[in-house]
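Commentary on secondary and tertiary structure
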Amino acid sequence: MKIAVASGKGGTGKTTFVLSLSQVIEKNVIILDCDVEEPNLHLFLKQHPLSEKVIKIKKPVINESLCVNCGLCSKHCQFNAIINLPKYPLISNELCHSCGVCEFICPQNAISEVDYQIGKKVFYRKTGDTLKEISLISGVLDIGQIMAAPLINQIKQDYMNLPKNDVLIIDSPPGASCSMFEAIKDMDYIVLVTEPTPFGLHDLKMAVNAIKNTDIPYGVFINKADIDKKEFSLDDFCNRQKNEDSLLKNSLEKYCKDNNIKILGQLAFEKEYAKACATGIILSQEYNEVFNIFNNVYTQIKQAIFETGE
Amino acid sequence: MKKIIFLSGKGGTGKTSVMSCLIDFFNNKVMIDCDVDAANMHLLLNPQNSEEFEFFAGKTAVIDYNKCSTCGKCMEVCRFDSIKLINNNLIKNEVVRASSFHDKNTKSQDTNNLSSNKQDACRTFNNLNRYEIKEFICEGCSYCELVCPEKAISLKDRLAGHYYTSDTKYGTLVHAELDGGVENSGKLVSKIKQVAQEIADSKQNEFMLIDGPPGIGCPVIASLNTVDYVVLVTEPALPAQSDMQRLIKLLEKLKIKYGVVINKYDLNNDYVSSISEEFILGKIPFIKDFKESISQQKTLTEFNPKYNNTFKPIFEKIINETN
């Protein structure tokens, strides 16, 4: 089972969600931190890295003794990554998308591809109180590099054909563009974590637009919700919605209802939770009521994946 | 003109909220929202007279199925896995079902139509054994176009989003909306910065205030181009601090000056910041009214002017630092 956790807006609680969810799953869990620009999950596991591996992609280099400066490579590069200069063309690694066109087009075979480091992946493992194991693979983009999406792609590659019983959770980067898309593609389920503010709603819409083309089932989790009770019941919520439908105009709940988007659960805003997160505590490990919320969320995700599988 | 950008590394620390409270202090400015994935500033500033522009970036490959011989060379060379062979059995069943349904419906009225429906279905089916380009994964590199022996593939321009220039009571706001799932957020950022620069030149603005994207990658680096000063908005939590350290390393690499605003500092009083005092522009407590003001789509200082006292010292420090 492969679950991606994403959000349009940053700071809504993706990482918090991933950690809390990982606690309620009874099986071994593999977590991929695909927020490669700013990975955070390892801060909460409080483990020393077991090992790390450099991530490389292919970049073209020009063999100047073979190059006749015909200009074909620069003409065919769609990303303007090859600049024509009087002697030899110059390749900009920052703009290059590693598509392979220049190597293919060069009539002199003067272009070859070499490895180029863009980041690394770091392995962590934690054995919990029970026998279950949590493995974390954290992607880290080198500072100054811009190619987040290829890095995410490489980190995911080894984990896409999992045994049926294993659970994979991906912490996606924020936003709704290529790197977020790279993180969520080929998953079985997507959770969009949001908060009940106009910012949260606006960015949720962007994220929904980005993922609806994929046919992957998805649901919304509302964090920092404005509810007094720590335990949230769906009946209460439905009743409230009936009574206050006019008040809820443009609200998050209304958007989800109108668009038939499943709300998986809510977590109230509590200063205590915020402080616990700030100091690196996993909420569902510390608070029983949070454990129950996430248990319920996990059940719903399993159900949804099961239904789609049929 | 001074260009000041608000960044954080981690999302949700309050870039937009903090910037919106400082806007009113700056005279004669143009504002940009460079978080093109998830732009929010316009939700607070009540933009009027918006002018919309289309943003084209990159290309996407299109297959002409009249020419395609389904040789599969395009899928072989594509580095982005954007070309897929469609499972025709699945579609075959659907087509057959659809055509027989159609037959049933038209049977009583027109018997001649029957055969033509089946013919259509068969023709469609033959075309269904096909390669399909996922437009939202394709990066438009043209490799498939180059290798296609039938010349069945061509590249077309891709509409990647829209950008807007709007009037607000604080000055002109340039903001943008990137279409979901597409790349080129960095290019759109560069585009709107260029548009804002032109506006600033014509109006002789003194300040350019930029609401930045989260992270340290492509859109952040594009936003930082030609910027004079960075206001880092952070919060007293492990993840936010760790993210900010990575961002600071980037700023040091690019040699850009910065100062730090610690937002919601009282959520975690025990936290000892790793930032030395000289870089700290100010500390803001957790203000519940932020959420209320956002719900009313107002800036906090507009919602309740008493908060001007909280933000004025920060503004003064920024001015000192940029002079």
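Everything numeric in this text was worked out from a predicted model, so none of it was measured. (Residues numbered from 1 in each chain as written. Chains lettered and ligands numbered in written order. Predicted model: local features only at pLDDT ≥ 70, side-chain atom pairs only at ≥ 80, totals over all residues.)

Quick word on the overall build of chain B
To be explicit about the condition: In this description a helix means any DSSP run of H or I spanning at least four residues, a strand means any run of E spanning at least two, and both kinds are numbered starting from the N terminus. With C-beta atoms placed from the backbone, a residue is buried if 20 or more other C-beta atoms are within 10 Å of its own, exposed if 12 or fewer are, and partly exposed between those counts. What counts as a contact here is a pair of residues whose C-beta atoms, placed from the backbone, lie within 7 Å.
Secondary structure assignment for chain B yields 12 helices and 11 strands. In chain B, buried positions account for 44% of the 323 residues. Across chain B, every contact between residues at least 6 apart in sequence was considered, and the portion connecting residues at least 24 apart equals 78%.

What to know about the interface of chain A and chain B
What counts is decided by this rule: As a working rule, the residues Ala, Val, Leu, Ile, Met, Phe, Trp, Tyr, Cys and Pro are called nonpolar, Asp, Glu, Lys and Arg charged, and the rest polar, with Gly in that last group.
Each side of the interface is counted separately: chain A has 47 residues, and chain B has 49 residues. Counting only elements with at least two residues in the side of chain A that touches chain B, the list comes to helix H4 (101–105), helix H6 (178–184), helix H7 (198–211) and helix H10 (271–278) of chain A. Of the residues contributing to the side of chain A that touches chain B, the split by class is 21 nonpolar, 20 polar and six charged.

Things to note about unusual backbone geometry
Of note, the phi angle at Asn80(A) is positive, near 55 degrees, even though the residue is not glycine. Examined against the element boundaries, Asn80(A) turns out to sit in the loop between helix H3 (72–76) and strand E4 (82–83). For Asn80(A), a count of 10 C-beta atoms within 10 Å corresponds to the exposed category. Of note in this structure, Asp81(B) is not a glycine but carries a positive phi near 55 degrees. Looking at where Asp81(B) falls in the secondary structure, it is placed in the loop between helix H3 (73–77) and strand E4 (83–85).

Thoughts on the sheet that holds strand E2 (residues 29–33) of chain B
Residue and element names in this part refer to chain B. This is how the line gets drawn: Two strands make a pair as long as DSSP finds a minimum of two bridges between them. Helix axes use the C-alpha atoms of the stretch in contact, all axes being lines fitted to C-alpha atoms, and the angles between their N-to-C directions lie in the range 0 to 180 degrees.
One open sheet holds the nine strands; their spatial order is E3-E6-E7-E2-E8-E1-E9-E10-E11, and the pairing between them is mixed. Unpaired on one side and paired on the other, strand E3 (48–63) and strand E11 (280–283) mark the two borders of the sheet. The average angle at which neighbouring strand axes cross in this sheet is 20 degrees, direction not considered. Two elements, strand E1 (residues 2–7) and strand E9 (residues 229–234), share four bridges in a ladder whose sense is parallel. Looking at the pairing, Phe6 lines up with Val231 of E9.

Focus on the confidence of the model for chain B
Low-confidence regions, as indicated by low pLDDT, have predicted coordinates that should not be scrutinised in detail. All names here are of chain B. Cut-off, in case you're wondering: Across the chain, each position has a pLDDT score giving the predictor's confidence in that residue, from 0 to 100.
Looking at chain B as a whole, the pLDDT averages 87, with 87% of positions reaching at least 70. Here helix H5 (residues 112–128) stands out as the least confident element of chain B, with mean pLDDT 56; strand E8 (residues 207–211) is the most confident, with 97. In this model residues 107–111 is a low-confidence stretch, pLDDT under 50, and it forms one contact with partners more than four residues away in sequence or in other chains. Interface predicted TM-score (ipTM) for the complex: 0.78; the corresponding pTM is 0.82.

Quick look at the pairing of E2(B)
Residues and elements named next belong to chain B. Within E2, five of the five residues are buried, leaving the element largely enclosed by the surrounding structure. Side chains Lys29, Met31 and Asp33 of E2 all project onto a buried face; the interleaved residues Val30 and Ile32 project onto the opposite face, where all are buried too. Two strands pair when backbone bridges link them, and E2 and E8 are joined in this way by five bridges, in the parallel orientation. Within E8, the position partnered with Ile32 by the bridge is Ile210. The pairing of E2 with strand E7 (residues 171–178) spans three bridges and is classified as parallel. Looking across to E7, one finds that Met31 is bridged to Leu173.

Examining the domain arrangement of chain A
The test is simple: Reported domain spans reflect what an automatic or database domain assignment gives.
Domain parsing of chain A yields domain 1 (2–55 + 120–309) and domain 2 (64–109). Taking only C-alpha atoms into account, the centre of domain 1 of chain A sits 41 Å from that of domain 2 of chain A.

With respect to the environment of Leu247(B)
All names here are of chain B. Tracing the chain through its elements places Leu247 in helix H9 (residues 238–254). Residue Leu247 is classed as buried on the basis of its 26 C-beta neighbours within 10 Å. Each C-alpha atom, one on Leu247 and one on Gly215, is 7.7 Å from the other, the two residues being 32 residues apart in sequence. In contact with Leu247, not counting residues within four places along its chain, are Leu7, Gly9, Ile216 and Leu232.

Quick notes on H9(B)
Rule in force here: A helix's residues, less one, multiplied by 1.5 Å, set its expected span.
Over its 17 residues, H9(B) extends 25 Å from the first C-alpha to the last, a length consistent with the 24 Å expected when each residue adds 1.5 Å. Of the positions making up H9(B), those classed as buried are Pro239(B), Ala240(B), Gln241(B), Asp243(B), Met244(B), Leu247(B), Ile248(B) and Leu250(B). Buried residues in H9(B) make contact with helix H1 (14–24) and helix H2 (41–45) of chain A together with E1, E9 and strand E10 (257–262) of chain B.

Some words on the nonpolar core
This is how the line gets drawn: We define the nonpolar core as any set of buried residues of the types Ala, Val, Leu, Ile, Met, Phe, Trp, Tyr and Cys, connected via C-beta atoms lying within 7 Å of each other.
Within the largest apolar cluster, 140 residues are counted, with the highest numbers of intra-cluster contacts made by Val5(A), Ile169(A), Ile190(A), Val191(A), Leu188(B) and Val261(B). In terms of residue count, H7(A) provides more of this core than any other element does, eight residues in total. In contact with Ile190(A), not counting residues within four places along its chain, are Ala4(A), Ala6(A), Ile184(A), Ile211(A), Ile216(A) and Tyr218(A). Judged by nonpolar contacts, the second largest core, of 26 residues, contains Cys73(A), Ala110(A), Cys148(B) and Ile153(B).

What to know about the pairing of strand E8 (residues 167–171) of chain A
Side-chain positions along a regular strand alternate between the two faces of the sheet. Residues and elements named next belong to chain A. Extensive coverage of E8 is indicated by the burial of five of its five residues. A two-sided burial pattern is seen for E8, the buried positions comprising Val167, Ile169 and Asp171 on one face and Leu168 and Ile170 on the other. In terms of strand pairing, strand E1 (residues 2–6) meets E8 through four bridges, oriented parallel. Residue pairing in the sheet places Lys2 in a bridge with Leu168 of E8.

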